[in-house]
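Each chain, letter by letter, is given below.
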Amino acid sequence: MKTISPNINWVASVHLALSLFGLPYVAGTSGFCRKNALGRISSLCSSASVYMSPAAPVKARCPVYPGSDTHRFLVSDDKVDWDTDWPQYSPVNYTAPTVLKKPVWADPEIGAFSPQFNSLDGSVDRRSHEGPYHIQNGKPLNPHGRTGLEGRGLLGRWGPNHAADPIVTRWKRDSTGQLVLHTNSQLPVLQFVSIKRLDCGEWAIPGGMVDPGERISQTLQREFSEEALNSLQASPSEREETQKRITELFDSAGLQVYKGYVDDPRNTDNAWMETVAVNFHDESGNSVSELPLQAGDDAGQVSWIDVDSSLDLYANHLHFLETVAKERNAHW
Ligand SMILES: *[C@@H]1O[C@H](CO)[C@@H](O)[C@H](O)[C@H]1NC(C)=O
């Protein structure tokens, strides 16, 4: 049986205060819904199977750049590699107006500005999880090859743009506290904390960008706390108790599920997404498992969602969950 502290009156109603639409940058590794970003174009772009294919960043070659009318210069599979000689290559130069306005999260244009690439540049970490990347004419080159578009598009940083994805899980239990076994696999079912994106209604992991000077472990906890806590209509003392539980869970050893390049539709020749995905699991069921996150009719919800291979989720997130399920010997 799980126990619930009597002084905590969990409220079932959940509202996500964090704005997930508007500036795509804040939405972490899954800045765009497939329909919006990749609508009206080839099925190649929304195929889940291409995630983390080592050579060809397929999403980064969807013809229309997200949030714009800009068409990428067409790059065939055999021309993706920078080592393949291609004198005719003439990528479109595009940096979104929101980025050119120089918000705090964005670099200036290269020229007067020459950042320390491949190193910790002041408080901005410009190192790639995948090792050193090349610089050409003062600009970093996407380590996964040509994308048909130069500049930064919607991304703020030249080179790697670091995100973190916290995957918080618990075991699914019945009303008596017993683990629920899946009828097909006979394996226990995991549930993870998921947010419903306001722009397209797709479920996603509540990830976000790493702030300058922030450790990834801090980002993981901050993003989760912001989204989970903002979603609760709770009194200050309830919030404090919830924050304490979250801190305890995130102080425990997480299971690193992925670290590296993300095949993101916002990637360009000179700017790309990278992430670290870490699983924090409440094994006993008496920590964050009690967060009363529930589905409702409102847009922007936070919920415990059953982990299952049939989930309709952003492709790389589905892959992270598969890894978690297999590592924990759970139903998939
Ligand atoms: C690309 O566009 C930006 C502004 O969007 C401009 O500052 C820059 O000079 C352009 N680069 C090239 C190579 O044309």
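Residues numbered from 1 in each chain as written. Predicted model: local features only at pLDDT ≥ 70, side-chain atom pairs only at ≥ 80, totals over all residues.

The protein chain appears in an unreviewed UniProt entry as ADP-ribose pyrophosphatase, mitochondrial from Carassius auratus. The record in UniProt for the protein chain states the following under Subunit (unreviewed entry): "Monomer. Interacts with GLOD4." One UniProt comment on the protein chain, placed under Function (unreviewed entry), says "Hydrolyzes ADP-ribose (ADPR) to AMP and ribose 5'-phosphate." (UniProt positions renumbered as here; feature names shortened; annotations may be inferred.)

A.B. asks: Please explain the overall build of the protein chain as it appears in this structure.
C.D. replies: When helices and strands are tallied, the protein chain shows 5 helices and 13 strands. Counting only residues that meet the buried cut, the protein chain has 41% of its 332 residues in that class. Here the analysis covers contacts within the protein chain between residues at least 6 apart in sequence; of these, 72% occur between residues at least 24 apart. (Helix = DSSP H or I, 4+ residues; strand = E, 2+ residues; numbered from the N terminus. Buried ≥ 20, exposed ≤ 12 C-beta atoms within 10 Å, placed from the backbone. Contact = placed C-beta atoms within 7 Å.)

A.B. asks: Help me understand helix H4 (residues 236-251), please; the structure alone is not making it clear to me.
C.D. replies: For the α-helix, the turn length of 3.6 residues means that residues three or four positions removed from each other point alike. Relative to the 22 Å expected for 16 residues at 1.5 Å per residue, H4 spans 22 Å between its end C-alpha atoms, a close match to the ideal helical length. What H4 keeps buried is the set Thr-242, Ile-246 and Phe-250. Along the long axis of H4, the arc covered by the buried residues comes to 70°, so they all point the same way. Exposed and facing more than 90 degrees away from the buried side of H4 are Ser-237, Glu-240, Lys-244, Thr-247 and Asp-251. On its buried face, H4 is in contact with helix H3 (216-230) and strand S12 (271-282). (Expected span 1.5 Å × (residues − 1). Arc of directions from axis to C-beta.)

A.B. asks: Hey, could you run me through the pairing of strand S8 (residues 190-196) in this one?
C.D. replies: Here is the key point about a regular strand: its side chains alternate between the two faces of the sheet. Counting buried positions along S8 yields 7 of 7 residues, so the element is predominantly enclosed. The alternating pattern of S8 places Leu-190, Phe-192, Ser-194 and Lys-196 and Gln-191, Val-193 and Ile-195 on opposite faces, both of which are buried. Pairing analysis gives 3 bridges linking strand S7 (residues 159-171) to S8, with the strands arranged antiparallel. Bridge pairing in S8 links Trp-171 to Leu-190. In this structure, S8 lies alongside strand S9 (residues 203-204), joined through 2 bridges in antiparallel fashion. Looking at the pairing, Lys-196 lines up with Trp-203 of S9. (Pairing = 2+ DSSP bridges.)

A.B. asks: Would you mind showing me how to read the site of the ligand here?
C.D. replies: In the vicinity of the ligand, the contacting residues are Asn-93, Thr-95, Leu-100, Glu-109 and Gly-151. Each residue belonging to the shell around the ligand can be placed in one class, and the counts come to 1 nonpolar, 3 polar and 1 charged. (Near = placed C-beta within 6 Å. Nonpolar A, V, L, I, M, F, W, Y, C, P; charged D, E, K, R; others polar.)

A.B. asks: Before we go on, may I ask you to explain unusual backbone geometry in this structure?
C.D. replies: If a residue is not glycine, its phi is most likely negative; likewise, a peptide bond is most likely trans. Of note in this structure, Asn-137 is not a glycine but carries a positive phi near 50°. Looking at where Asn-137 falls in the secondary structure, it is placed in the loop between strand S4 (135-136) and strand S5 (139-140). The class for Asn-137 is exposed, based on 8 C-beta atoms found within 10 Å. In this structure, Asn-329 takes a positive phi of about 55° despite not being glycine. Here Asn-329 lies in the segment after helix H5 (315-327). Exposure remark for Asn-329: the 10 C-beta atoms within 10 Å place this residue in the exposed category.

A.B. asks: Explain the environment of Ser-309 here, please?
C.D. replies: Here Ser-309 shows up in the loop between strand S13 (302-306) and H5. Sequence separation of Ser-309 and Glu-322 is 13 residues, and the distance between their C-alpha atoms is 7.1 Å. Those residues within four positions of Ser-309 in sequence are excluded, and the remaining contacts are Glu-322 and Trp-332.

A.B. asks: Even after reading the chapter, I still don't get the environment of Trp-171, so can you show me in this structure?
C.D. replies: Of note, Trp-171 is situated in strand S7. Residues Trp-171 and Val-189 lie 18 residues apart in sequence; the distance between their C-alpha atoms is 6.0 Å. Not counting residues within four places of it along the chain, the set of residues in contact with Trp-171 comprises Leu-179, Pro-188, Leu-190 and Gly-285.

A.B. asks: Please explain the packing of H3 against H4 as it appears in this structure.
C.D. replies: The contact between H3 and H4 brings their axes to 11 Å, and the two run at 150°. Considered as vectors, H3 and H4 are oriented roughly antiparallel to each other. Seen along the crossing, H3 lies across H4 with a hand that is right-handed. Contacts between H3 and H4 pair Leu-220, Gln-221, Phe-224, Ser-225, Ala-228 and Leu-229 from the former with Arg-239, Thr-242, Gln-243, Ile-246, Thr-247 and Phe-250 from the latter. Class assignment for the residues of the contact of H3 with H4 results in 6 nonpolar, 5 polar and 1 charged. (Axes fitted to C-alpha atoms, helices over the stretch in contact; angles between N-to-C directions. Parallel < 35°, antiparallel > 145°, perpendicular 65-115°, else oblique. Left-handed = near helix turned anticlockwise from the far one by under 90°.)

A.B. asks: Help me out: how do you make sense of H3 in this one?
C.D. replies: Here H3 contains 15 residues, and its C-alpha end-to-end distance of 21 Å stays within 8% of the 21 Å for a straight helix at 1.5 Å per residue. Along H3, the residues classified as buried are Thr-219, Leu-220, Gln-221, Glu-223, Phe-224, Glu-227 and Ala-228.

A.B. asks: Explanation requested: the environment of Arg-215 in the structure shown.
C.D. replies: Residue placement: Arg-215 occurs in the loop between strand S10 (208-209) and H3. The exposure class of Arg-215 is exposed, given the 12 C-beta atoms found within 10 Å. Here the alpha-carbon distance between Arg-215 and Asp-125, two residues 90 residues apart in the chain, equals 9.9 Å.

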